[in-house]
Amino acid sequence: MARPPLPPFDAETGRRMVQAAEDAWSTREPERVVLAYTEDSVWRNRDRFLTGREEIAAFLRGKWAREHDYALRKDLWGFHENRIAVRFQYECRDADGRWWRSHGNEMWEFAEDGLMRRREASINDVAISVAERRLFGPRPATERGARLPLR
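Residues numbered from 1 in each chain as written. Predicted model: local features only at pLDDT ≥ 70, side-chain atom pairs only at ≥ 80, totals over all residues. Heavy atoms only, no water.

A.B. asks: What exactly am I supposed to notice about the side chain of Glu109 here?
C.D. replies: Within the secondary structure, Glu109 sits in strand β5 (residues 99–110). For Glu109, the contacting residues outside a window of four places in its chain are Asn82, Arg83, Leu115, Met116, Arg117 and Arg118. (Helix = DSSP H or I, 4+ residues; strand = E, 2+ residues; numbered from the N terminus. Contact = heavy atoms within 4.5 Å.)

Following this line, the structure appears as structure tokens:
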């Protein structure tokens, strides 16, 4: 089953794909999120290497069990044919109540049907205070298309 937008991507379809990913991840529902990936999708997330929807779903369940009050923003960085580059930030609170902002870059490769077959993510975490928080829940419709701050 095709999942538009389909490659090759342009600026508009790239932005739509990035926003769709942000929206799905913001649900924190692994079973919903994995439907955007091929059955045999290959991931590198930090130092973890995953293959297939089942491993990806298990990884996401663990991630969101540890990361409380998770709020995410993704931004299109570039695109070429069936690939999209994304930068992102998310904030969350750990079990001890400490807040973190994670900065990252993702490289996505898509199959012809619009499902992601490869995801490479590099992520760095920075401890922040409650006063430094700037991401609260899913992105409001009024902020769609807004660029992420550089720091």
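After presenting the structure, the write-up continues.
A.B. asks: I'm lost on the nonpolar core in this one. Help?
C.D. replies: Generally speaking, nonpolar side chains in soluble globular proteins are found buried as a group. Among the nonpolar cores identified, the biggest contains 29 residues, and Trp25, Val33, Trp43, Leu60, Ile84, Trp108 and Phe110 are the most heavily contacted of them. Of all the secondary structure elements, the ones that give two or more residues to this core are α1 (11–27), β1 (37–45), α3 (53–66), β3 (68–80), β4 (83–93), β5 and β6 (116–128). Apart from residues lying up to four places away in sequence, Trp43 is in contact with Trp25, Tyr37, Arg48, Phe49, Leu50, Ile56, Phe59, Leu60 and Arg119. (Core = buried A, V, L, I, M, F, W, Y, C linked by side-chain atoms within 4.5 Å. Buried < 20%, exposed > 50% of the residue type's maximum accessible area, 1.4 Å probe, protein only.)

A.B. asks: Sorry, what's going on with the packing of aromatic side chains here?
C.D. replies: The relation between two aromatic rings is expressed through the spacing of the ring centres and the mutual angle of the planes. Per the stated rule, a full pass over the model turns up 9 aromatic pairs. Between Phe9 and Phe110 the ring centres are 5.0 Å apart and the planes differ by 70°, which places this aromatic pair in the edge-to-face class. With Phe9 in the segment before α1 and Phe110 in strand β5, the pair connects residues that are 101 residues apart, well separated along the chain. Owing to a relative accessible area of 2%, Phe110 belongs among the buried residues under this scheme. Ring centres 5.2 Å apart and planes at 75° place the aromatic pair Tyr37 and Trp43 in the edge-to-face group. Taken together, the ring pairs connect Trp25, Tyr37, Trp43, Phe59, Trp64, Tyr70, Phe88 and Tyr90 into an aromatic cluster. The ring of Trp25 has Lys74 sitting right over it, with the charged end atom 5.1 Å from the ring centre. (Phe/Tyr/Trp six-rings, centres within 6.5 Å; stacked < 30°, edge-to-face > 60°. Lys NZ or Arg CZ within 6 Å of the ring centre and 35° of its normal.)

A.B. asks: Just checking my understanding: could you explain the pattern of salt bridges for this structure?
C.D. replies: Two side chains with opposite charge may pair up if their charged atoms get near one another. Tallied over the entire structure, the rule returns 21 salt bridges. Among the salt bridges present, the one from Glu106 reaches Lys74, with a minimum N-O distance of 2.7 Å. With a gap of 32 residues between them, Glu106 in strand β5 and Lys74 in strand β3 connect regions that are remote in the sequence. (Salt bridge = Lys/Arg side-chain N within 4 Å of Asp/Glu carboxyl O.)

A.B. asks: I'm lost on the sheet that holds strand β2 (residues 48–51) in this one. Help?
C.D. replies: Each strand in a sheet pairs with another by means of backbone hydrogen bonds, the pair being arranged parallel or else antiparallel. Spatially, 6 strands are ordered β2-β1-β6-β5-β4-β3 in an open sheet, and the strand pairing comes out mixed. Of all strands in the sheet, those bounded by a partner on one side alone are β2 and β3. This sheet shows a mean twist of 20° between the axes of neighbouring strands, independent of strand direction. As judged from the 12 bridges shared by β5 and β6, these two strands associate in the antiparallel manner. Paired with Trp108 across the two strands is Arg119, which belongs to β6. Against the sheet, α1 engages β1, β3, β4, β5 and β6, with an angle of about 165° to β3. Contacts between α3 and the sheet are confined to β1, β2, β3 and β4, with β1 contributing the most and set at about 50° to the helix. (Pairing = 2+ DSSP bridges. Axes fitted to C-alpha atoms, helices over the stretch in contact; angles between N-to-C directions.)

A.B. asks: Looking at this structure, I do not really get unusual backbone geometry. What am I missing?
C.D. replies: Note: most residues except glycine have negative phi, and most peptide bonds are trans. In this structure, the amide linkage connecting Pro4 to the following residue, Pro5, adopts the cis form with an omega of 0°. Between Pro7 and the following residue, Pro8, the backbone shows a cis peptide bond with an omega angle of 5°. In this model, Arg28 sits at a positive phi of 55°, which is unusual for a non-glycine residue. Mapped onto the fold, Arg28 is located in the loop between α1 and α2 (30–33). According to the relative accessible area criterion, Arg28 is partly exposed, its value standing at 38%.

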